[in-house]
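The lines below spell out each chain.
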Amino acid sequence: MKRYHSMPEQKKKKVNELLRAAAGENWEALRDYLTSDEENKDVLKKHHIASSTTIYRAMKKFMEAFPDDLL
């Protein structure tokens, strides 16, 4: 996911759909969590998420649904 920002727009849209499906209203937090170099706690604070478990559950769903052809 560190290559997210250099992906073509079409692939980014697919990734964003997967992020939304996995994290719901927290999809942007999950995107930032997976694609930035920010500290995990800083991402959670920025997106007003109290528990890291919220992101970990969403990340698990996202990784399970992530197709190999998006790599």
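Structure first, text after, so check above.
As a starting point, this report considers the structure included with it. (Residues numbered from 1 in each chain as written. Predicted model: local features only at pLDDT ≥ 70, side-chain atom pairs only at ≥ 80, totals over all residues. Heavy atoms only, no water.)

Overview of helix H1 (residues 9–23)
Here's step 1: With 15 residues, H1 should cover 21 Å at 1.5 Å per step; its first-to-last C-alpha distance of 20 Å lies within 8% of that length.
Here's step 2: All buried positions along H1 are accounted for by Lys12, Val15, Asn16, Leu18, Leu19, Ala22 and Ala23. The buried residues of H1 occupy one face: seen down the axis, they fall within an arc of 165 degrees. Residues of H1 that are exposed and angled more than 90 degrees away from the buried face: Gln10, Lys13, Glu17 and Ala21.
Here's step 3: Packed against the buried residues of H1 are helix H2 (27–35) and helix H4 (52–65).
Here's step 4: One or two positions beyond H1, positive phi appears at glycine 24, with a value near 60 degrees. (Helix = DSSP H or I, 4+ residues; strand = E, 2+ residues; numbered from the N terminus. Expected span 1.5 Å × (residues − 1). Buried < 20%, exposed > 50% of the residue type's maximum accessible area, 1.4 Å probe, protein only. Arc of directions from axis to C-beta. Contact = heavy atoms within 4.5 Å.)

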